[in-house]
Amino acid sequence: MSNRILARCIAPAVFICLAAPALAAGPTWSVLAQFDDAPEGLVADKSGNLYASLYHSGRIVRVDADGKVEELASLRDVVGEVSGSAVGMDWDGGDYLYVAFNEYSARYAWPANPGLAREACGDSTVTHTGLYRVSITTGKVEAVATRADGYPLCFPDDPAVAPDGSVYLSDLSFPGIWRYSPKTDELVMWSKDELFDPGKKPMSGFPVGVNGVAVSAAGDAVYGVVGGNPMLIRIPINADGTAGAATMVTYGYDNMDGLEIDAAGSFYVTEALRNEIWQISPDAHKRQQLGNPLDAPLGSPASMAWRNGALCVTNLNFFGNLPPEKANTIVCASDIPARW
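Reading the values: the criteria
- Residues numbered from 1 in each chain as written.
- Predicted model: local features only at pLDDT ≥ 70, side-chain atom pairs only at ≥ 80, totals over all residues.
- Heavy atoms only, no water.
- Disulfide = S-S within 2.5 Å.
- Helix = DSSP H or I, 4+ residues; strand = E, 2+ residues; numbered from the N terminus.
- Buried < 20%, exposed > 50% of the residue type's maximum accessible area, 1.4 Å probe, protein only.
- Contact = heavy atoms within 4.5 Å.
- Polar contact = N/O pair within 3.5 Å; in protein donor to acceptor, adjacent residues only side chain to side chain.
- UniProt positions renumbered as here; feature names shortened; annotations may be inferred.
- Pairing = 2+ DSSP bridges.

Undergrad: Explain the state of the cysteines here, please?
TA: By definition, a disulfide links the sulfur atoms of two cysteine residues through a covalent bond. A complete count under the given rule lists two disulfides for this structure. In this model, Cys121 is linked to Cys154 through a disulfide, with the two sulfur atoms separated by 1.6 Å. Here the disulfide of Cys121 and Cys154 is right-handed, its torsion about the S-S bond being about 120 degrees. With Cys121 in helix 3 (residues 117–121) and Cys154 in the loop between strand 9 (141–146) and strand 10 (156–161), the pair connects residues that are 33 residues apart, well separated along the chain. You can call Cys154 buried: its relative accessible area is 11%. Sequence-ordered numbering of the bonded cysteines in the chain gives a pairing of 1-2, 3-4.

Undergrad: I'm lost on the environment of Asn229 in this one. Help?
TA: For Asn229, the position within the fold is in the loop between strand 15 (221–226) and strand 16 (231–236). Classification of Asn229 as buried rests on a relative accessible area of 17%. When neighbours within four sequence positions are excluded, Asn229 is seen to be in contact with Asp197, Pro198, Lys201, Pro202 and Met203. Within the structure, Asn229 has its side chain in polar contact with the backbone nitrogen of Met203 (distance 2.9 Å).

Undergrad: Explain the UniProt feature "domain: SMP-30/Gluconolactonase/LRE-like region" (unreviewed entry) in the chain to me, please; I cannot follow it from the model alone.
TA: As annotated by UniProt and renumbered to match this structure, "domain: SMP-30/Gluconolactonase/LRE-like region" (unreviewed entry) occupies residues 127–293. Along residues 127–293, the helical share is 0% and the strand share 47%, with 38 Å between the first and last C-alpha atoms.

Undergrad: In this structure, what is going on with the pairing of strand 2 (residues 39–44)? I would like to understand it.
TA: Side chains on a regular strand alternate between the two faces of the sheet. Summarising burial for strand 2: six of the six residues are buried, a large majority. Examined bridge by bridge, strand 2 and strand 3 (residues 50–54) share four bridges and lie antiparallel to one another. When the bridges of strand 3 are listed, Ala44 appears paired with Leu50. Here strand 2 folds back onto strand 3, and the loop between the two strands holds five residues, one of which, Gly48, carries a positive phi near 90 degrees.

What follows is the structure in structure tokens.
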């Protein structure tokens, strides 16, 4: 090869190497609080307090800006000592937190055995599964809508309060999205779109439907993450309150769990199995990873909440990848980049 030809081959590579911009540093995650139980649901109030649901014990805790933990309430005051778990939660902007609770079937070991979801959902002895309401000022717990009321709730997972006060509640195993109206005290199956259905061979390997949900700031749509065939979806809220047809916003993820939307319209999703957090642009054309187990203390990250400009997430640690000193934690990062 002549020197001229060799120079022409090398020059572009050198140019590319010199012209490539330095990679910006990712966010730095730190532990805000640690518990004696796995936190799942998470929400922030206007004063900067966080509220978390503790998965196994059913307790609801408040965490202040310094990470000090105070027990607010316990769902056990109402559900008793049945085997079950407290899952997602949301705040109505006033005095109430809405929390999902699932009683486990003694006959069919779901969720320990994913293949028994249908049988567990049909167990008539399960009565405490449902939506609960917790008063922030008094700590009083109320059952809002449960299987004891005759509602065929399967595995209610994540509630999201809309601007009009309606509560949209995902059902991981139904699969569908319920809507509860505090004005009429009525729960209805709002949407069971075919996009929720994991089918016989779900791409993630988990036969589940909609997990985390969030309502648009305008109150005109519900967004959700689907775990079985992982995707972010949008369900329009029609003028009469009914659900429109769901559409896919983006895909290309693993078993997704939590969902948040910031003031600029960007989406944030957690991946439970790969222990990752992703930021997605409002048009869903771009995405960037905000954390993974190699650079952040993340273990089955579940729910997220914004607190004083920081993104915080609960570590459910469902698959036990975190060491004891980092398990059962809320971790936060205040340096979340916005590159679009």
